[in-house]
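Remarks on the overall topology
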Amino acid sequence: MKKRPASLRLQRTLLSCALGSALMLSMPMAFAQSTGATLRGQVLADSAPAAQAEVTATNTATGLTRRVQSGASGSYNLAGLPPGTYRVDVTANGQTTSETVTLRVGQTANLDLTVGGVAETGPQQATDMDTVVVTGTRMAETRTSEVATYVSPRQIEMLPQGSRNFLAFADTVPGMTFVERADGSTQLRSGAQSANGVNVYIDGVGQKNYVTKGGVSSQDSTRGNPFPQLAIGEYKVITSNYKAEYDQISSAAVTAVTRSGTNEFEGSFFWDRTGDDWRASTPSELERGEKIPSRSEQYGVALGGPILRDRLHFFVTYEAKEIVDPREVRLGTISNVPVPLTPEVQSLLGTANRPFDSDLYFGKLSWQINDEQLLELTAKRRNETEITGIGDGPNTPSFGSAKDNEETRLDLRHQFSTENWLNDAHITYEDAYWNPRAITIGPGYRLHLPEAIGRGTLVNYGGGEDFQNKGQKGWSFQNDLTFFGWEGHTVKMGIKYKDVELDSLEQQPYNQQLEIDYLANLAAGNTTLASFLPNRVRFGAPLPGFEDRTVNSPNRQFGIYIQDDWEVNEHLTLNLGVRWDYEKTEGYENYVTPAGLANALRTWSNLDNADYDIEDYISSGNNRSAFKGAWQPRLGFSYDINADERHVIFGGAGRAYDRNLFDYIALEQSKSTFPTYTFDFTGVPGAACTPGATCIPWDPAYLDINNLYALVAANPDLGAEVNLMNNDLDVPYSDQFSLGMRNALTLGEHEWMTSVTLSHVRSYDGILFTLGNRRPDGSFFPPGADFGNAPWDFRIPGYGTLIIADNGVETRLNSILLSVDKAYTADSGWGMTFAYTYSDAEENRGNAAQNDEHYLFDLPNLNGAPFIDSVGIPRHRVVATGIADIWGGMTLSGKLTLESPVARDVTVFTSPLSGYFDSYYGDRTIEYKQLDLALQKVWNTGTDLSFRIRGDVFNVFNWENWNDYSFAGEQTGLAIRGPTRYFKLSFGVDW
């Protein structure tokens, strides 16, 4: 095969000056993550390099056209091509040759062209895309240092899936896990880090959640989807060693491209349904002998086509989800103590409905102004309402929360290309808010077991605790500038500026929470709900002088990067990049600790000999500054052994900074305006306190929350919980290292891609909240002990408990990532993927990876704490998928997931401290297993209209994947992970 000659003409001084000038010209802008593909190679004529040959790429579906001329060595570079199928025409010496190829999202593909002959490529395979009409050679991307895998349109369309969350297909990638929790909410996680470290980029724009958890905007504790699946063309998952253009990330990057209208009017409609009559009973339903009614329906429509052929196209879509999802309300604590239930308490148990409704809208206009300019306008709207916090435990319907989740995003994108430059600019706007509120306004009640056996919760009823409104709103301007005028180099640079408002309103608990010793009341003869007497109340109260208790902060972000993808020769490619990020959050930096509190802390003798300096947490408004050390080198290489893209060794090392969630750092202020108080009562069953300032006689007047407000009005600081942030908070980050090999293999008539990667990732500086209380001698543990009771009773004089926040959570991950992929093609009629992940994951704070556990109250800090196996991360995980056209227009697809047992964060109270943490796997070989199958039949009418019907069966063999195990590894309770077997019916029309 003829290859383009290496170009080693390096002019470093000139390069530096030119890049610096270009970078200045592009300010003040923000960067955009790669969604466009790059096609490059060499033009040969009569076996010699063809200089000044014209290379034109035309999208066969939309007519979008890009053209360049080859350089002196015959090399060419076409960057920023939207994913799709292209006809590539090359003209030289009066001759023209054409080739049709398919390019993927964010791909860099090599295509050598011979004028008058046959184009030379790497591994070839025919495929079709969802929105294209021409079948072309799919260009394989092997010469990249990224640890990356594609999710194709065919996989999104055909693989079994119940939620229509497009991120669910990401777990077909080694190292990725799509988590569906017991309440139906979903998150995407990678490696040993929590979901917060993930970022998703739609058409080059990050969807980062700046305030709450989940990584993706509006994806904290929701059953909804971040984006309509009908609008997603395909996406790429990068688990580590991404290039310098990716920001606000420490874990995996998902970069997706949305569908566009084409030169053909097209449309699609779908509807699917499942219900309790189509699923197997859960273990708790079998025990009760009755199935809980449930139903889920999803439906949607997509339309696209030309407004001006080859120039202006539109695409719109709408998807809805309606769920009726009753849950079982049951006793929250199972103990050896007999718990006789009165008729009224028994009536609180049973089933409760949790409805969920979602509407997703997306629209896109694409205007190719001319061959050099492309203008796109996209808009997304997301509306969700649901009832949460009910059932699968002790929460009754009255105790739940009504939650709204709303998001609007707009993106105006302009691309301008010339022979040697591509400029990609975005103006974006976002408005995303998450708003749970208590269903019932009034006292909440918690029936609990006696103090002597741990005050375990039995039932919660009455008014719940929730009252929150959290979100982000603002705009950004971002720009990428790519220069490919130096042969052998593709240089990309960008600058970011973003201005958003961050809001966090949290009044917890909004309703007073009255705690009742249930057995003590029964023993005292109180047998009705109205006669129960509480022994404790916990409530929040507004401090005077604060009309709006929303913690608001202007947030300004700035980032800059430069990346050089340097083809040193036909074997070696170097990816050399560096970025720097800066974020100014005024709510944290300008905060002033109230003078009274600062004085109380400074004169608190318990801190004189403490293991920390309280001055590190008292803010004057001038002693905090934004973190400036976020320098992130991103280095990688790929070595093509035979210079034919068949066997490539690759590797990389890099650093990636994320960000601190505003929800965490806002607690310092929210606790100052709506503090939490706890009072114990005397003269009631279960009373166990000594009379004092916060131990008072019970009075039925406290059922009116205004009387509780009056109780603390004279001294609002007494008993108030205090949260303080370290004045020198750093930003969470990860260091990533990888080494692997990709292979393109021809077995019979089929092309197979394999990849094996050794990966090492360490994350640092996760935020951690610990107890700041200390005993009179400054110690945390009782005298002479290195474990034991935390000093909860030693509170700030005149205030309450002190909680302090620092950086401290760390994770470590060594993994082996293995993938085998035979892409589906129309000719072969089948495709398959196999992903195996071996994870040796550790963390210094149990449950940090699985549930973002950021509180630690059993130890003073994590100094010297041992690393334990990460909770919820299996050592071995296999995900295999297959798609096959069988007969009569039917397609069968399947997905198999297998996981080995996971660590369960068993806490062992033994001395010395090194034995404090432990984890337990159990003795099972496979802990989680699930096989899903789908069968689809399509009827073609001989016109553009076709009909389809489809059935999906999830957990075909109804395998029971238990969620709780004893120390001996045996199943306990009735909780299972994942679904029981269920069937989903779908119907669709395409035209």
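Before reading on, note that the structure itself is shown above.
All residue numbers refer to position in the chain's written sequence, counted from 1. For a predicted model such as this one, the threshold for reporting local features is a pLDDT of at least 70, and the threshold for listing and counting side-chain atom pairs is 80 or more; totals across whole chains, interfaces and linings nevertheless cover every residue. To obtain the side-chain values, all non-hydrogen atoms of the structure were used and water was disregarded.

Broken down by element type, the protein carries 11 helices and 51 strands. By the compact-globule yardstick of 30 Å for 991 residues, the protein fits well, its C-alpha radius of gyration being 30 Å. By its C-alpha atoms, the protein is 100 × 65 × 50 Å across when sized along the principal axes. Type-normalised accessible area, obtained with a 1.4 Å probe on protein chains alone, sets the label of each residue: buried when under 20%, exposed when over 50%, and partly exposed for intermediate values. Residues classed as buried in the protein amount to 60% of the 991 residues present. Helix and strand definitions here come from DSSP, where helices need a minimum of 4 consecutive H or I residues and strands a minimum of 2 consecutive E residues; each element is numbered from the N-terminal end. What the globule rule says is 2.2 Å times the number of residues to the power 0.38, and the radius of gyration is computed from C-alpha atoms.

Before going further, it helps to spend a moment on the state of the cysteines. A pair of sulfur atoms, both from cysteines and within 2.5 Å, is called a disulfide here. The tally for this structure, following the rule as stated, stands at one disulfide. Across the disulfide from cysteine 689 sits cysteine 695; the S-S distance is 1.8 Å. A torsion of 65° about the S-S bond marks the disulfide between cysteine 689 and cysteine 695 as right-handed. By relative accessible area, cysteine 689 is classed as partly exposed at 22%. Overall, cysteine 695 belongs to the buried group, its relative accessible area being 6%.

Pairing between side chains becomes possible if they bear opposite charge and their charged atoms approach one another. Here a salt bridge means any side-chain nitrogen of Lys or Arg lying within 4 Å of a carboxyl oxygen belonging to Asp or Glu. Inspection of every chain in the model, using the stated rule, returns 56 salt bridges. With a closest N to O distance of 3.1 Å, aspartate 89 and arginine 87 form a salt bridge. Exposure remark for aspartate 89: the relative accessible area of 15% places this residue in the buried category. Linking arginine 413 and aspartate 424 is a salt bridge whose minimum nitrogen-to-oxygen distance equals 2.7 Å. With a gap of 11 residues between them, arginine 413 in strand β26 (residues 401-417) and aspartate 424 in strand β27 (residues 421-438) connect regions that are remote in the sequence.

Here, nonpolar core means buried Ala, Val, Leu, Ile, Met, Phe, Trp, Tyr and Cys residues that are tied together by side-chain atoms lying within 4.5 Å of each other. Core analysis: the biggest nonpolar cluster contains 32 residues, and Phe166, Leu188, Val200, Ile232, Tyr235 and Val237 have the highest contact counts within it. Listed in part, the 29 residues of the second largest apolar core include Tyr210, Leu661, Met725 and Ala805.

Let's shift gears to the packing of aromatic side chains. For any two aromatic rings, the description comes down to two numbers: the centre-to-centre distance and the angle of the planes. Here a pair means two rings of Phe, Tyr or Trp (six-membered ring of Trp) with centres within 6.5 Å. Their orientation is stacked below 30 degrees between planes, edge-to-face above 60, and tilted elsewhere. By the definition in use, this model includes 34 aromatic pairs. Ring centres 5.2 Å apart and planes at 35° place the aromatic pair phenylalanine 957 and tryptophan 959 in the tilted group. A relative accessible area of 25% means that tryptophan 959 is categorised as partly exposed. Three or more aromatic residues joined by ring pairs make a cluster, and in this case those are Tyr664, Phe769, Trp792, Tyr855 and Phe857. Two conditions define a charge sitting above a ring: the NZ of Lys or the CZ of Arg must be within 6 Å of the ring centre, and it must be within 35 degrees of the ring normal. When the ring centre of tyrosine 824 is taken as origin, the NZ or CZ atom of arginine 154, which lies over that ring, is 4.1 Å away. A cation over a ring is seen here: arginine 742 above phenylalanine 650, with NZ or CZ 3.7 Å from the ring centre.

Let us look at the sheet that holds strand β17 (residues 232-240). As summarised here, the arrangement of the five strands in space is β12-β17-β18-β15-β16, forming an open sheet in which the pairing is mixed. The two strands at the open ends of the sheet, each matched to only one other strand, are β12 (147-151) and β16 (205-206). Strands are treated as partners if at least two bridges between them are detected by DSSP. Sheet analysis places strand β15 (residues 199-202) next to strand β18 (residues 253-258), joined by four bridges and oriented parallel. Bridging across to β18, tyrosine 201 finds its partner in threonine 255.

Each strand in a sheet pairs with its neighbour through backbone hydrogen bonds, running either in the same direction (parallel) or in the opposite one (antiparallel). The six strands lie next to each other as β29-β28-β32-β33-β38-β39, forming an open sheet whose pairing is mixed. A single partner strand is all that each edge strand has here, and the edge strands are β29 (457-462) and β39 (695-697). Neighbour-to-neighbour, the strand axes of the sheet open up by a mean angle of 25°, direction not taken into account. The sheet contact formed by strand β32 (residues 513-517) and strand β33 (residues 536-540) spans three bridges and is antiparallel. The partner of glutamate 515 across the bridge, within β33, is arginine 536. Structural elements are reduced to axes, namely lines fitted to C-alpha atoms, with helices fitted over the stretch in contact, and the angle between N-to-C directions of any two is expressed from 0 to 180 degrees.

The next thing to look at is the pairing of strand β51 (residues 982-990). Strand direction decides the pairing type here: strand β19 (residues 266-275) and β51, joined by six bridges, are antiparallel. Bridging across to β51, aspartate 272 finds its partner in serine 986.

In this structure, proline 509 follows glutamine 508 across a cis peptide bond, with omega equal to -10°. Even without glycine at this site, serine 218 takes up a positive phi of about 60°. In this structure serine 218 comes out as buried when scored by relative accessible area, which is 7%. Even without being glycine, asparagine 241 reaches a positive phi, approximately 60°. Tracing the backbone through its elements, the reader meets asparagine 241 in the loop between β17 and β18.

Let us look at helix α7 (residues 595-602). For α7, every residue scored as buried is listed here: Leu597, Ala598, Ala600 and Leu601. Taken around the axis of α7, the buried residues stretch over an arc of 165°, which confines them to a single face. Summarising the contacts, the buried residues of α7 are in contact with β40 (722-725) and β43 (802-822). Throughout, the arc means the angular range of directions from the helix axis out to the C-beta atoms. Here, two residues are considered to be in contact whenever any of their heavy atoms come within 4.5 Å of each other.

Moving on, we get to empty space enclosed by the protein. Space inside and on the surface of the protein is sampled on a 1 Å grid over the protein atoms alone, with a cavity defined as a set of points where a 1.4 Å probe fits but cannot get out and a pocket as an open set with protein on both sides within 12 Å along at least 5 of 7 lines; lining residues have an atom within 4 Å of a point. Grid points are joined across faces, edges and corners, and a volume is the space filled by probe spheres set on the points. Under the criterion given, the structure shown has 19 cavities of 30 Å³ or more. Considering only enclosed or pocket space, the largest cavity measures out at about 560 Å³ in volume. As for the largest cavity, its lining consists of 34 residues, and the residues nearest its centre are Ala148, Thr149, Tyr150, Met753 and Asp821. Only β12, β17, β42 (750-771), β43 and β44 (830-843) provide two or more residues apiece to the lining of the largest cavity. Of all the elements, β43 adds the most residues to the lining of the largest cavity, at five residues. Of the residues belonging to the lining of the largest cavity, the class tally is 16 nonpolar, 12 polar and six charged. Each residue gets one label: Ala, Val, Leu, Ile, Met, Phe, Trp, Tyr, Cys and Pro are nonpolar, Asp, Glu, Lys and Arg are charged, and the others, such as Gly, are polar.

On to the side chain of threonine 212, then. Within the secondary structure, threonine 212 is located in the loop between β16 and β17. Any pair of nitrogen or oxygen atoms within 3.5 Å is treated as a polar contact; in protein, a donor-acceptor pairing is required on top of that, and neighbouring residues in sequence qualify only through side-chain atoms on both sides. In terms of polar contacts, threonine 212 uses its side chain to reach the side chain of asparagine 209, at 2.9 Å.

Time to look at helix α10 (residues 705-713). Listing the buried residues of α10 in full gives Ile705, Leu708 and Val712. Each buried residue of α10 lies within a common arc of 55° when the element is viewed along its axis, so the set occupies one face. Projecting away from the buried face of α10 at angles above 90 degrees are the exposed residues Ala710 and Ala713. Here the buried face of α10 lies against β33 and β38 (676-682). If you check the start of α10, you find a side-chain oxygen 3.0 Å away from the backbone N of asparagine 706, and it comes from aspartate 704.

For the rest of this paragraph, the subject is a nonpolar patch on the surface. By definition, no residue in a patch forms a salt bridge, and every one has over 30% relative accessible area; like charges are joined within 9 Å, nonpolar side chains (Val, Leu, Ile, Met, Phe, Trp, Tyr) within 5 Å. Surface accessibility in these figures is a Shrake-Rupley result with a 1.4 Å probe; residues are shielded only by whichever protein chains are displayed. On the surface, Phe269, Leu303, Val316, Trp939, Leu945, Phe947, Ile949, Phe987 and Trp991 cluster together into a nonpolar patch covering about 720 Å² of accessible area. In this fold, leucine 945 is placed in the loop between β49 (928-940) and β50 (946-954).

Turning next to the environment of alanine 626. Mapping alanine 626 onto the fold places it in the loop between α7 and β36 (630-640). With 298 residues separating them along the chain, alanine 626 and glutamate 328 place their C-alpha atoms 47 Å apart.

So, on to the pairing of strand β35 (residues 572-585). With 13 bridges joining them, strand β34 (residues 551-567) and β35 adopt antiparallel strand pairing. In the sheet register, isoleucine 562 faces β35, and the bridge partner there is valine 578. Once β34 ends, the chain turns through four residues before running back antiparallel as β35. Pairing between β35 and β36: 10 bridges, direction antiparallel. Along β36, the bridge assignment pairs leucine 574 with phenylalanine 637.

Topologically, aspartate 735 is positioned in strand β41 (residues 733-747). Residue classification places aspartate 735 among the buried residues on the basis of a relative accessible area of 12%. A polar contact is formed between the side chain of aspartate 735 and the side chain of arginine 655, at a distance of 2.7 Å. For aspartate 735, the contacting residues outside a window of four places in its chain are Gly654, Arg655, His760, Val761, Arg762 and Tyr764.

Moving on, we get to the environment of valine 871. Note on placement: valine 871 falls in the loop between β46 (868-869) and β47 (876-885). By relative accessible area, valine 871 is classed as buried at 5%. Remark: the alpha-carbon pair of valine 871 and lysine 671, spanning 200 residues in sequence, is separated by 30 Å.

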